[in-house]
Amino acid sequence: MMGRSLLGIADLTATEITTLVETAQAQKADATGSHRRALGGKTLALLFDKPSLRTRVSFEQAMRRLGGEALYLSPAEVGLGVREPVKDVARVLGRYCDAIACRTFAQEILVELAAYAGVPVINALSDWEHPCQALADLVTIQEHGGARGRVLAYVGDGNNVARSLALAATSMGMHVRLASPASYALDTPSAEAASRRAADSGGSFRSLEDPREAVDGADVVYTDVWTSMGQEAEAAARRKIFAGYQLSASLLACAKRSAIVMHDLPAHRGEEITDEVIEGAQSVVFDQAENRMHAQQALLWHLLR
Ligand code: CP
Ligand code: NVA
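What comes next is a walk through the structure. Everything quoted here is computed from the prediction, not taken from an experiment.

A short note on the site of ligand 1
- Taken together, Ser 52, Leu 53, Arg 54, Thr 55, Arg 103, His 130, Gln 133, Asp 264, Leu 265 and Arg 292 are the residues near ligand 1.
- In this structure, an oxygen atom belonging to ligand 1 sits 2.8 Å away from a side-chain N or O atom of Arg 54.
- Separating an oxygen atom of ligand 1 from a side-chain N or O atom of Arg 292 is a distance of 3.0 Å.
- Residues of the shell around ligand 1, tallied by class, amount to two nonpolar, four polar and four charged.

Here's what the structure looks like:
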């Protein structure tokens with residue numbers, strides 16, 4: 001994986017996803033290993049066009065833990081594509097830094113950055129995908145009973161988080177069921193790509209409308225916000241459209257008693273998930289948040305060492 005960019009899960013084979021998850025688990029268990037200074041002298045630029053808690057801090061800490069440094073650039077500082085063209089930002093940052101993690105709106109911005117930077121570009125969330133979240137999610141699922149052959153039910157918007165998760169989880173042999181209102185399902189090409197990955201791994205992929213059918217007997221129940229960053233004007237309409245898709249105690253009761261509850265955070269309690277469920281014994285959301293750091297540390301180690 002050395003020197004490559006990660007713009008979406010399609011950039012990784014199933015074997016590479018497994019390798020990243022296993023590296024994350026191994027490095028997490030080994031606080032003093034040789035990886036701890038592997039990226040000495042290297043700098044990661046964090047180019048963010050949207051707010052963040054987890055992604056920013058977990059990337060900064062992952063770089064520090066590998067002996068490197070991270071440089072955070074806020075939307076106001078850079079004005080990506082506004083103050084100057086994306087391709088110029090890419091070529092300038094590529095002269096100073098060893099990699100760029102970028103959080104932005106259009107996926108095309110990441111594609112352009114990667115084409116011009118001359119250093120690896122990592123998608124730190126776009127409107128289209130959130131691949132680093134999916135890697136951390138798989139680390140978390142592996143820690144809580146494993147991925148292969150198990151049922152993952154995602155309930156809610158067929159958004160960036162759902163897309164990366166569906167592609168990554170089907171790569172690792174999971175049976176993925178995605179329940180969304182009709183016009184908010186995962187797009188057909190992504191669903192087909194997830195089905196192809198599932199066919200190779202022994203998993204499966206299904207798009208459904210009924211959340212109860214998706215959650216029935218599931219091992220993992222996952223949800224994300226109904227209104228993503230950049231969609232704020234649609235928030236009221238979305239609250240109505242998604243009203244039947246709340247991850248509540250009664251919906252969770254359809255899953256296995258041993259099922260874990262996942263959410264990438266930030267959560268809107270009372271919308272996509274109830275306070276009772278996110279604070280409940282089945283919730284692993286803070287393990288999941290912690291694993292962002294371990295998964296990204298593994299990724300940086302494979303791309304940059
Ligand atoms: N899950 C996630 O990406 O969180 P942030 O938006 O806080 O980075
Ligand atoms: N789907 C959400 C994820 C936030 C981490 C968003 O894009 O805002």
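Some remarks on the nonpolar core
- The biggest cluster of nonpolar side chains holds 58 residues, and the ones touching the most others in it are Phe 59, Leu 138, Met 174 and Leu 300.
- Excluding its chain neighbours within four sequence positions, the residues that come into contact with Leu 300 are Leu 39, Leu 44, Phe 59, Ala 62, Met 63, Leu 66, Ile 122 and Arg 305.
- Core analysis: the next-biggest nonpolar cluster, separate from the first, contains 27 residues, Ala 153, Val 155, Cys 254 and Val 261 among them.

Regarding unusual backbone geometry
- Cis geometry is found at the peptide bond from Leu 265 to Pro 266, where omega equals 5 degrees.
- Mapped onto the secondary structure, Pro 266 falls in the loop between strand 9 (260-263) and helix 12 (275-278).
- Positive phi, close to 115 degrees, is recorded for Leu 125, a residue that is not glycine.
- Looking at the secondary structure, you find Leu 125 in the loop between strand 4 (121-123) and helix 6 (131-143).

Concerning the pairing of strand 2 (residues 69-73)
- Note: strand 1 (residues 43-48) against strand 2, five bridges, orientation parallel. Each residue of the ladder has a partner; that of Thr 43, found in strand 2, is Glu 69.
- Following the backbone out of strand 1, through helix 2 (residues 54-65) and into the adjacent parallel strand 2, one traces a crossover that is right-handed.

What about the site of ligand 2?
- Every residue near ligand 2 is listed here: Leu 125, Asn 159, Asn 160, Val 161, Asp 224, Val 225, Ser 228, Met 229, Asp 264 and Leu 265.
- Residue Asn 160 places a side-chain N or O atom 2.8 Å away from an oxygen atom belonging to ligand 2.
- At a separation of 2.7 Å, a nitrogen atom of ligand 2 approaches a polar side-chain atom of Asp 224.
- Burial of ligand 2 by the protein amounts to 94% of the accessible area it has alone, namely 270 Å².
- For the shell around ligand 2, the class distribution of residues is five nonpolar, three polar and two charged.

Some words on helix 13 (residues 285-304)
- The end-to-end C-alpha distance of helix 13, which contains 20 residues, comes to 29 Å, matching closely the 28 Å that a straight helix rising 1.5 Å per residue would cover.
- The sharpest bend along helix 13 reaches about 30 degrees and sits at Asn 291.
- Counting buried positions along helix 13 gives 17 out of 20 residues, so the element sits mostly inside the fold.

Thoughts on the side chain of Ser 228
- Locating Ser 228 in the fold gives a position in the loop between strand 8 (220-223) and helix 10 (235-241).
- On the accessibility criterion, Ser 228 (9% relative accessible area) is buried.
- Sequence-distant contacts of Ser 228, defined by excluding residues within four places in its chain, comprise Asn 159 and Asn 160.

Quick notes on the rules
Residues numbered from 1 in each chain as written. Chains lettered and ligands numbered in written order. Predicted model: local features only at pLDDT ≥ 70, side-chain atom pairs only at ≥ 80, totals over all residues. Heavy atoms only, no water. Near = heavy atom within 4 Å. Polar contact = N/O pair within 3.5 Å; in protein donor to acceptor, adjacent residues only side chain to side chain. Nonpolar A, V, L, I, M, F, W, Y, C, P; charged D, E, K, R; others polar. Core = buried A, V, L, I, M, F, W, Y, C linked by side-chain atoms within 4.5 Å. Buried < 20%, exposed > 50% of the residue type's maximum accessible area, 1.4 Å probe, protein only. Contact = heavy atoms within 4.5 Å. Helix = DSSP H or I, 4+ residues; strand = E, 2+ residues; numbered from the N terminus. Pairing = 2+ DSSP bridges. Right-handed = clockwise from strand over helix to strand, strands pointing away. Areas by Shrake-Rupley, 256 points an atom, 1.4 Å probe, with all protein chains shown as cover. Expected span 1.5 Å × (residues − 1). Bend = angle between axes of the 7 residues up to and from the residue.

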